[in-house]
Structure formats: C-alpha cells, structure tokens
Amino acid sequence: MAAADPATAASFSRLSFRRAVCPSPLRLPLSRALPPGRLRASSSVVALHKRNPKRLKYAAERQFTRGDTGMLRVQVEPSGEDFWKLDPIIDLINRGAVGVIPTDTVYSIVCDLSNNESIDRLRRVKGIGDSKPLSILCRSLRDIDTYTTGFPRGTNQGQANIFRAVKRVIPGPYTFILPATKQFPKQCIKHGSSTRYAKRRQVGVRIPDDPICQAILQNLDEPLICTSVKYLSEDEWILDPVIIADLYEPLGLDFIVDGGPRIADPSTVVDMTGTSPTVIRQGKGPKLDWMVTKDEEEEAQSMYTLKGA
C-alpha cells in the first residue's frame, strides 16, 4: 500500500475537529437508516444540541455558537485513548468559553481564571450572584502557592507541617479553603457589602484525581474557575452529562465534556484558615487524623478560652 503523501497528511491534520471526527451530516446517504443504538454511539463523539426558543430569554449570551446550532459536546474515555478529542475544548476555554467538565467527584462548570467576562457568564449560567464564592481547579501545588498563601510547612515552634500531609492526598477529592493572594481575581470572591466577609479573601482550591480533568488542566496556561453543576431549582448535583446538556445548553453553555455519569459524592471541604484543618463538609474524601470536625474545633476553642480565663 502506497505511503500517504506528506502534504496530504499535513492538510488533513489541519482540518477542523468536527470534520476530522464526524463527516458532515449533509454527506450522509439518506437511504441508510442507522439503528438507534448506533446513531447514538456515532453522535456521542460530537453532538450539537438545538436550543429551545422558549427559554432563550433566560439564557446568558453564548459566545461560541456554530451557525444555528448550539453547544459542543465531546465524549471521551477515561482510559486516555481518545484525549485528542479535547483539543477544541482547550481552544474554546482559551478563547473565553464557559462549559462543563468532569472531576473525580461531580461535574463542574468552568471557565478561564483570568477572563472576567467569562466569570460573569459562568455566574449567569449557574444562576448565582456575586455573593457566591467560586473555587479553583489547579494543575499543581505551584498553582495553589500562586493564588493562595499555601499550606503551613511547620515551624520550630511546634506548628505541624500540614503541607507534607496534604501532598499525600492530592490529587484527590478534597477542596481546601485557604487565604487568597492578590493574584487571585477579585471577581471570584465578591461578597457585596457584608461585614462578615469585608476583610476575608478566601478561596477553595482543588486538584482532582480524574484523568479527563487532568488532561484539560495540563494543556492550559492557568487554572480554571469552577462551581459544581446542580439542578436549577434544587440543591442537588446533576450526575448525568446528558441531563446537564438538556438543562444548561439553553442557558448559554458553550461546551460539555462527557466522561460518563458520576456518583453523588461531592468533595470533602477542609477549612485551612483556622487553628486546625477543619472539615466543614464531609464528602468523598475521608476525614484524616490531622483533620478535625467543626464540633471538635469548637470544643478545642472553648477549652483554650477557659484556660486563658
């Protein structure tokens, strides 16, 4: 068999993602009707959903539509054999798109950390106001040290080396709340005029242990702003990417990465801003021996107050 002409191969590599993966629907022979199961499998690589006109007035303005079609949906396998499909997702994020990706817990709505317009659109898509803080999906501990004050590394005065303990559990299903630095966008930690948060600049940071999420993060120049995907009128996570697409596509979502259904188990949230790492939400990550619960923290504070009285 003759080798492919290099010029031809180079030309093919420059084809758009959709044309390279899926032939245009206009080229499908009308006489060949595919079985429903096969049609779904072939369209799951890239599916473009139509928008519901009845819900357009509630939608955040989409910036990356393709003609009269809607958002881009890419289905990938966690094995990594088809991570090349993520190339257009990386491009959209870099251009300011707002979309949904899987993590090691539930699905998250994400956007570029440095794009203020995208952050505003993310809030509109999720239906949350400025008073709701947003978290970061980080690529490494270096990102955490850049956008927060980092984890305590211990002192000669007996302070525990929390940094060493944290390194053993990340990547993993934990969100750590840390003081934010000036590098973290103010837009992500707006709290209005509430005096409770007037002097607080805190942010939740995550390094998910999910191959799809990691593949996306490692191809970006910055971390991602994120918030979990929930039903619009209920405080309940949506675990099926098909349902997410149906509910959020009309609201202005630009893309979704379908990594299969998730399990209803959010990350464990650990507050690192107090005297001890305190679990304020128990989730998928187990409570470890160097963490305390809220009750244990309050009891310790009470004992300290009594001793000082």
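Residues numbered from 1 in each chain as written. Predicted model: local features only at pLDDT ≥ 70, side-chain atom pairs only at ≥ 80, totals over all residues. Heavy atoms only, no water.

Visitor: Looking at this structure, I do not really get the pairing of strand 10 (residues 268-271). What am I missing?
Guide: Here strand 10 shows a buried face lined by Thr268 and Val270 and a second buried face lined by Val269 and Asp271. Both strand 6 (residues 174-179) and strand 10 contribute to a ladder of 4 bridges, which runs parallel. Following the sheet pairing, threonine 175 is matched in strand 10 by valine 269. When strand 10 meets strand 11 (residues 278-281), the two strands line up antiparallel, connected through 3 bridges. Looking at strand 11, one finds that valine 269 is bridged to arginine 281. Between strand 10 and strand 11, which pair antiparallel in sequence order, lie 6 residues. (Buried < 20%, exposed > 50% of the residue type's maximum accessible area, 1.4 Å probe, protein only. Helix = DSSP H or I, 4+ residues; strand = E, 2+ residues; numbered from the N terminus. Pairing = 2+ DSSP bridges.)

Visitor: How do you make sense of the pattern of salt bridges when you look at a structure like this?
Guide: Two side chains bearing opposite charge may form a pair once their charged atoms approach each other closely. Under the counting rule described, the total for this entry stands at 10 salt bridges. Residue lysine 85 is joined to aspartate 82 by a salt bridge in which the shortest nitrogen-to-oxygen separation is 3.1 Å. Comparing lysine 85 with aspartate 82, the two get one shared label, buried. Between aspartate 104 and arginine 206 there is a salt bridge, with the nearest N and O atoms lying 2.4 Å from each other. Here aspartate 104, found in the loop between strand 3 (99-101) and strand 4 (108-112), pairs with arginine 206, found in strand 7 (residues 202-206); they are 102 residues apart in sequence, far enough to count as distant. Accessibility classification places aspartate 104 together with arginine 206 in one group, the buried group. (Salt bridge = Lys/Arg side-chain N within 4 Å of Asp/Glu carboxyl O.)

Visitor: Quick question: what am I supposed to make of the side chain of serine 267 here?
Guide: On the secondary structure map, serine 267 appears in the loop between strand 9 (255-258) and strand 10. Using a relative accessible area of 4% as the deciding quantity, one classes serine 267 as buried. Looking at serine 267, its side chain comes within polar contact range of the side chain of threonine 175, at 2.8 Å. Those residues within four positions of serine 267 in sequence are excluded, and the remaining contacts are Thr105, Pro173, Tyr174, Thr175, Arg206, Arg281, Gly283 and Lys284. (Polar contact = N/O pair within 3.5 Å; in protein donor to acceptor, adjacent residues only side chain to side chain. Contact = heavy atoms within 4.5 Å.)

Visitor: Would you explain the packing of aromatic side chains in this entry?
Guide: Geometrically, a pair of aromatic rings is defined through the distance of the ring centres and the angle of the planes. Scanning the entire structure with this criterion turns up 2 aromatic pairs. For the pair phenylalanine 151 and phenylalanine 176, a centre-to-centre distance of 5.3 Å together with 85 degrees between the ring planes defines the contact as edge-to-face. Remark: phenylalanine 176 occurs in strand 6 and phenylalanine 151 occurs in the loop between helix 6 (141-147) and helix 7 (162-167); sequence separation between them is 25 residues. For the residue pair phenylalanine 151 and phenylalanine 176, the accessibility class agrees, reading buried in each case. The positively charged end of arginine 153 is found above the aromatic ring belonging to phenylalanine 163, 3.8 Å away from the centroid. Sitting above the plane of the tyrosine 107 ring, arginine 262 keeps its charged end 5.5 Å from the centroid. (Phe/Tyr/Trp six-rings, centres within 6.5 Å; stacked < 30°, edge-to-face > 60°. Lys NZ or Arg CZ within 6 Å of the ring centre and 35° of its normal.)

Visitor: In this structure, what is going on with the confidence of the model for the chain? I would like to understand it.
Guide: Any residue range with low pLDDT should be treated as having predicted coordinates unsuitable for detailed reading. Residues with a pLDDT of 70 or more make up 68% of the chain, whose mean pLDDT is 77. Confidence scores differ between elements of the chain, with helix 3 (residues 36-43) showing the lowest mean pLDDT of 33 and strand 3 the highest of 98. Between residues 63-68, whose pLDDT stays under 50, and residues either more than four places distant or in other chains, the model counts 11 contacts. Contacts for the low-pLDDT stretch residues 191-199, under 50 throughout, to residues beyond four places or in other chains number 5 contacts. (pLDDT = per-residue confidence, 0-100.)

Visitor: How should the state of the cysteines be read in this particular structure?
Guide: Cysteine pairs can be linked by a disulfide, which is a covalent bond between their two sulfur atoms. Within this structure, the stated rule accounts for 0 disulfides. With no disulfide of its own, cysteine 138 has cysteine 226 as its nearest cysteine by sulfur position, at a separation of 8.8 Å. Residue cysteine 226 stays outside any disulfide, its sulfur separated by 8.3 Å from that of cysteine 213, the closest cysteine. (Disulfide = S-S within 2.5 Å.)

Visitor: Hey, could you run me through unusual backbone geometry in this one?
Guide: Outside of glycine, negative phi angles account for most residues, and trans bonds account for most peptide bonds. Following isoleucine 170, the chain continues into proline 171 via a peptide bond in cis, with omega recorded as 0 degrees. Structurally, proline 171 can be placed in the loop between helix 7 and strand 6.

Visitor: How should I be thinking about the nonpolar core in this particular structure?
Guide: Within soluble globular proteins, side chains that are nonpolar generally end up buried alongside one another. Ranked by size, the top nonpolar core spans 46 residues in total, and within it Ile109, Phe176, Phe184, Ile225, Tyr248, Met272 and Trp290 carry the most contacts. Breaking this core down by element, the ones donating at least two residues are strand 4, helix 5 (116-126), helix 6, helix 7, strand 6, strand 7 and helix 9 (241-248). Element by element, the count of residues in this core is highest for helix 7, at 4 residues. Once residues within four sequence positions are removed from consideration, isoleucine 225 is found in contact with Ile109, Val110, Cys111, Asp112, Leu113, Ile119, Leu122, Leu134, Ser135, Phe184 and Cys188. (Core = buried A, V, L, I, M, F, W, Y, C linked by side-chain atoms within 4.5 Å.)

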